[in-house]
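Each chain is listed here by its residues.
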Amino acid sequence: GQPMTLMKSVGAAAAIALMVTTGASAQTRVTYKSAKAGSSYFQMAAQIAEAMKAGTGGDISVTVEESQGSVQNVMEVRARGGDYVFTTPPALVRLAQGGKAMFEGKGDPSFDEIRALFPIPSLTMHFVMSADSGVTSF
């Protein structure tokens, strides 16, 4: 169907970008730091990992790791290699690169090497409450 075709396209685009940055070998291993297990972001990461494996005939293996959040994902750039992919809002990357806010005093030249692969689409959220809650609008 349509969603799987999209996932295959995203996987293929990500595979091309990763092969450029990691120098593909017999099997390229990539770590994808996502969100908390059970979240929609983590599920999307698992689907991307499956699409990458299928789209490359197993030549790229993506290991999805649970994350404590976007700030941690950016901070780990300091200790990880070029085979590290993660989710974070672009604003946090700019803060890290400028050594501002939660990154003050924690700057690192590796922050300047962060590159975006693709934007994550916004998520639809549903807020459900009982009729007797008194809430009539958002």
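Structure: see above.
Each chain carries its own residue numbering, running from 1 in the written order of its sequence. Selection of residues for local features in this predicted model requires a pLDDT of at least 70, selection of side-chain atom pairs for listing and counting requires 80 or more, and totals for whole chains, interfaces and linings are taken over all residues. The side-chain values count all of the structure's non-hydrogen atoms but skip hydrogen atoms and water molecules.

## Looking at the overall build of the chain
Secondary structure elements are taken from DSSP: a helix is a run of H or I of four residues or more, a strand is a run of E of two residues or more, and numbering for both begins at the N terminus. A tally of regular secondary structure across the chain gives 4 helices and 3 strands. Each helix and strand of the chain, placed in order from N terminus to C terminus, yields the pattern α-β-α-β-α-β-α. Whether a residue is buried, partly exposed or exposed follows from its accessible area with a 1.4 Å probe, protein chains only, as a fraction of its type maximum: under 20%, in between, or over 50%, in that order. The buried share of the chain, reckoned over its 138 residues, is 29%. Of the roughly 9000 Å² of accessible surface on the chain, a fraction of 57% belongs to carbon and sulfur atoms. Accessible surface area values rest on a Shrake-Rupley calculation with a 1.4 Å probe, where residue burial reflects the displayed protein chains alone.

## Quick word on a nonpolar patch on the surface
A surface patch of nonpolar side chains, amounting to about 320 Å² of accessible area, comprises Phe 127, Met 129 and Val 135. Residue placement: Met 129 occurs in the segment after α4 (90–98). On the basis of relative accessibility, which here comes to 45%, the residue Met 129 falls in the partly exposed class. Grouping into patches uses exposed residues only, defined as over 30% relative accessible area, and leaves out salt-bridged ones; the cut-off is 9 Å for like charges and 5 Å for nonpolar side chains (Val, Leu, Ile, Met, Phe, Trp, Tyr). A side-chain nitrogen of Lys or Arg and a carboxyl oxygen of Asp or Glu constitute a salt bridge if their distance falls within 4 Å.

## Overview of the nonpolar core
When a protein is soluble and globular, its nonpolar side chains tend to lie buried together. Membership of the largest hydrophobic core is limited to 11 residues, which are Val 74, Met 75, Val 77, Tyr 84, Phe 86, Leu 92, Val 93, Ala 96, Phe 103, Phe 111 and Ile 114. Elements with a minimum of two residues in this core: α3 (70–75), β3 (84–86) and α4. Per-element tally for this core: the top contributor is α4, with 3 residues. Contacts are residue-level and defined by heavy atoms, with any inter-residue pair within 4.5 Å sufficient. Other than its neighbours up to four places away in sequence, Phe 103 contacts Val 71, Val 74, Met 75, Leu 92, Leu 95, Ala 96 and Phe 111. Of all hydrophobic cores here, the second largest spans 10 residues; its members include Val 30, Tyr 32, Ile 60 and Val 85. Residue types Ala, Val, Leu, Ile, Met, Phe, Trp, Tyr and Cys, when buried and joined through side-chain atoms within 4.5 Å, form a set referred to as a nonpolar core.

## Let's talk about helix α2 (residues 40–55)
An expected span of 1.5 Å times one less than the residue number is assigned to each helix. Relative to the 22 Å expected for 16 residues at 1.5 Å per residue, α2 spans 22 Å between its end C-alpha atoms, a close match to the ideal helical length. Turning to α2, its buried residues are Phe 42, Met 44, Ala 45, Ile 48, Ala 49, Ala 51 and Met 52. Gly 57 occupies a position one or two residues after α2 and carries a positive phi of about 60°.

## Focus on α4
Considered for burial, the residues of α4 that qualify are Leu 92, Val 93 and Ala 96. Around the axis of α4, the buried residues are gathered within 100° of arc, so they sit on the same side. Along α4, the residues that are exposed and aim more than 90 degrees away from the buried face are Pro 90 and Arg 94. Buried residues along α4 sit against α3. Note: the arc covers the axis-to-C-beta directions of the helix.

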